[in-house]
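# A look at the structure
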Amino acid sequence: MGIGNELGGLLPGREGQPSDSLPKYERTTFDIVTIGAGYLFMPLGLAFALVRMLSTHYKNYRKPVNYSLLFHVFVGGFVQLMGIVVNSIFSEVAVDTGTLIGMLIMFSLITLLPAAVFARSTAKARFRFSQLANQYVHLITVERVRYTGNLADRTGQSEGDVNRDLLYLQKYGVLDSGLLIHEGADAAPQARAGQAAASPFTPPAGQPSYQQPRTQQLPKSVRCPGCGAQNTVAPGQSTSCDYCGTTIAYS
């Protein structure tokens with residue numbers, strides 16, 4: 001695909017340096033044809049670039065590439081228009097300086113201004129995907145997340161986006177190609193979180209556990225079933241009525 005020398009510049013390394021693991025652009029043969037058409041015949045290149053964008057822009061890793069195609073198409077249009085200006089200068093038809101300057105300004109506005117916009121969009125899209133790729137790597141290699149549903153929740157992407165992104169990262173060796181990622185969500189983390197919320201007295205790991213203290217029982221006055229007199233009975237014990245001798249239990 002012609003991208004062997006375009007690796008690098010997407011994933012920041014541990015010390016803030018660019019990583020060489022991910023391609024700056026993944027250009028297919030159709031992309032290369034689109035760029036060539038943009039520099040040779042701008043309208044045809046623009047049509048190719050729009051077709052490519054409409055068919056692939058839903059993929060996160062394709063967005064920088066698609067914006068880059070549009071950038072090249074408009075730069076190619078400027079080159080072609082400058083060829084017209086140069087041809088006018090050396091042609092037998094006299095063209096005054098004011099007309100030439102006006103043509104240069106007009107051609108710059110209709111080609112270089114959009115090119116600058118798409119160049120900026122390319123840089124933004126590439127940065128966003130680099131951040132997303134770093135997030136995937138951290139979640140999978142550090143936090144050991146192994147379910148697409150959990151990755152989707154943590155990154156704000158759909159599960160379809162997660163699957164496409166992970167295949168792309170595995171393709172370029174950012175993630176191990178043999179890494180097993182399961183579909184759906186793992187309920188275990190949510191269950192553990194629910195148990196922790198339901199047990200507020202559970203201490204952190206490594207600290208002794210403490211049980212919630214029981215309510216202390218106190219002696220109470222109980223009416224004698226024989227004569228009706230009030231007698232004081234200690235917790236868990238029984239006593240004889242002071243007046244009739246009837247056994248009174250603590251209840």
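Up top is the structure these notes are about.
Residues numbered from 1 in each chain as written. Predicted model: local features only at pLDDT ≥ 70, side-chain atom pairs only at ≥ 80, totals over all residues. Heavy atoms only, no water.

## Looking at the nonpolar core
- Tyr136, Ile140, Leu151, Val162, Leu166, Tyr168 and Leu169 are the most contacted members of the largest nonpolar core, which totals 18 residues.
- Listed by contribution, the elements that provide at least two residues to this core are helix H4 (97-142), helix H5 (148-155) and helix H6 (159-171).
- At six residues, H4 tops the list of elements feeding residues into this core.
- Those residues in contact with Val162 that sit more than four places away from it in its chain are Tyr136, Thr148, Leu151, Ala152, Thr155 and Gln157.
- If you look at the next biggest cluster of nonpolar residues, it comprises 13 residues, including Tyr67, Phe74, Val75 and Phe118. (Core = buried A, V, L, I, M, F, W, Y, C linked by side-chain atoms within 4.5 Å. Buried < 20%, exposed > 50% of the residue type's maximum accessible area, 1.4 Å probe, protein only. Helix = DSSP H or I, 4+ residues; strand = E, 2+ residues; numbered from the N terminus. Contact = heavy atoms within 4.5 Å.)

## With respect to the packing of aromatic side chains
- Per the counting criterion, the structure on display carries five aromatic pairs.
- Three or more aromatic residues joined by ring pairs make a cluster, and in this case those are Tyr61, Phe129, Tyr168 and Tyr172. (Phe/Tyr/Trp six-rings, centres within 6.5 Å; stacked < 30°, edge-to-face > 60°.)

## Some details on the pairing of strand S1 (residues 220-223)
- As defined by bridge partners, S1 adjoins strand S2 (residues 230-233) across four bridges and the pair is classed as antiparallel. Following the sheet pairing, Ser221 is matched in S2 by Thr232.
- Between S1 and S2, which pair antiparallel one after the other, the connecting turn spans six residues, and Gly228 there sits at a positive phi close to 85°. (Pairing = 2+ DSSP bridges.)

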